[in-house]
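For reference, the chains in residue letters:
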Amino acid sequence: MSEKIKLETEFITLGQLLKDEGVIATGGQAKWFLRENSVLVNGSPEDRRGKKLRTGDVVVVGDQTFEIE
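Note that this is a predicted model, so its numbers are computed, not measured. (Residues numbered from 1 in each chain as written. Predicted model: local features only at pLDDT ≥ 70, side-chain atom pairs only at ≥ 80, totals over all residues. Heavy atoms only, no water.)

Undergrad: Just give me the short version of the sheet that holds strand S3 (residues 39-41), but keep the residues and values in it.
TA: Strand order in the open sheet formed by five strands is S1-S7-S6-S3-S4, with mixed pairing between adjacent strands. Bordering the open sheet on either side are strand S1 (2-5) and strand S4 (44-45), each of which pairs with just one other strand. For strand S6 (residues 58-61) and strand S7 (residues 64-68), the ladder comprises four bridges, and the chain directions are antiparallel. Bridge pairing in S7 links valine 61 to glutamine 64. (Pairing = 2+ DSSP bridges. Helix = DSSP H or I, 4+ residues; strand = E, 2+ residues; numbered from the N terminus.)

And the structure:
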């Protein structure tokens, strides 16, 4: 089951998504989290907290899936 994320702007960064969805507590944890954990964006490994996510992107973090709308 995936969670739908409705964008209010053109894009959201991966670090902001992780923070907004409660995966990490603060934006400062994003760099460490992405280095230590597997995160897939559209099926490819991603470790850049500044990666811009746009409508149609799918992010998988562990057993959580987020679809950007």
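Undergrad: Residues and numbers for the pattern of salt bridges, please.
TA: For the structure on display, the rule yields three salt bridges. Among the ionic pairs, arginine 48 bridges to glutamate 46, the shortest N-O distance being 2.7 Å. By relative accessible area, glutamate 46 is classed as buried at 10%. (Salt bridge = Lys/Arg side-chain N within 4 Å of Asp/Glu carboxyl O. Buried < 20%, exposed > 50% of the residue type's maximum accessible area, 1.4 Å probe, protein only.)

Undergrad: Go over the nonpolar core with me, naming the residues and quoting the values.
TA: Residues Leu14, Leu17, Leu53 and Val59 are the most contacted members of the largest nonpolar core, which totals 17 residues. Contributing elements (two or more residues each) for this core: helix H1 (14-20), helix H2 (30-36), S3, S6 and S7. For leucine 14, the residues in contact, after removing those within four places along its chain, are Leu34, Val39, Glu46, Arg48, Arg49, Lys51, Leu53 and Val59. (Core = buried A, V, L, I, M, F, W, Y, C linked by side-chain atoms within 4.5 Å. Contact = heavy atoms within 4.5 Å.)

Undergrad: Lay out the environment of aspartate 20 with the relevant residues and their values.
TA: Relative to the assigned elements, aspartate 20 resides in helix H1. Considered as a pair, aspartate 20 and isoleucine 5 are 15 residues apart in the sequence and their alpha carbons are 10.0 Å apart. Only 2.7 Å separates the side chain of aspartate 20 from the side chain of glutamine 16, close enough to count as a polar contact. (Polar contact = N/O pair within 3.5 Å; in protein donor to acceptor, adjacent residues only side chain to side chain.)

Undergrad: Describe unusual backbone geometry, listing the residues and the values that go with them.
TA: Residues other than glycine seldom take positive phi values, yet asparagine 42 does so here, at roughly 55°. Of note, asparagine 42 is situated in the loop between S3 and S4.

Undergrad: A description of the pairing of S7 should follow, citing residues and the corresponding values.
TA: Of the pairings in the sheet, the one linking S1 to S7 comprises four bridges and is parallel in character. Across the sheet, lysine 4 pairs through a bridge with glutamate 67, a residue of S7. The turn joining S6 and S7, which pair antiparallel and follow one another in sequence, is formed by two residues; a positive phi near 60° is taken by glycine 62.

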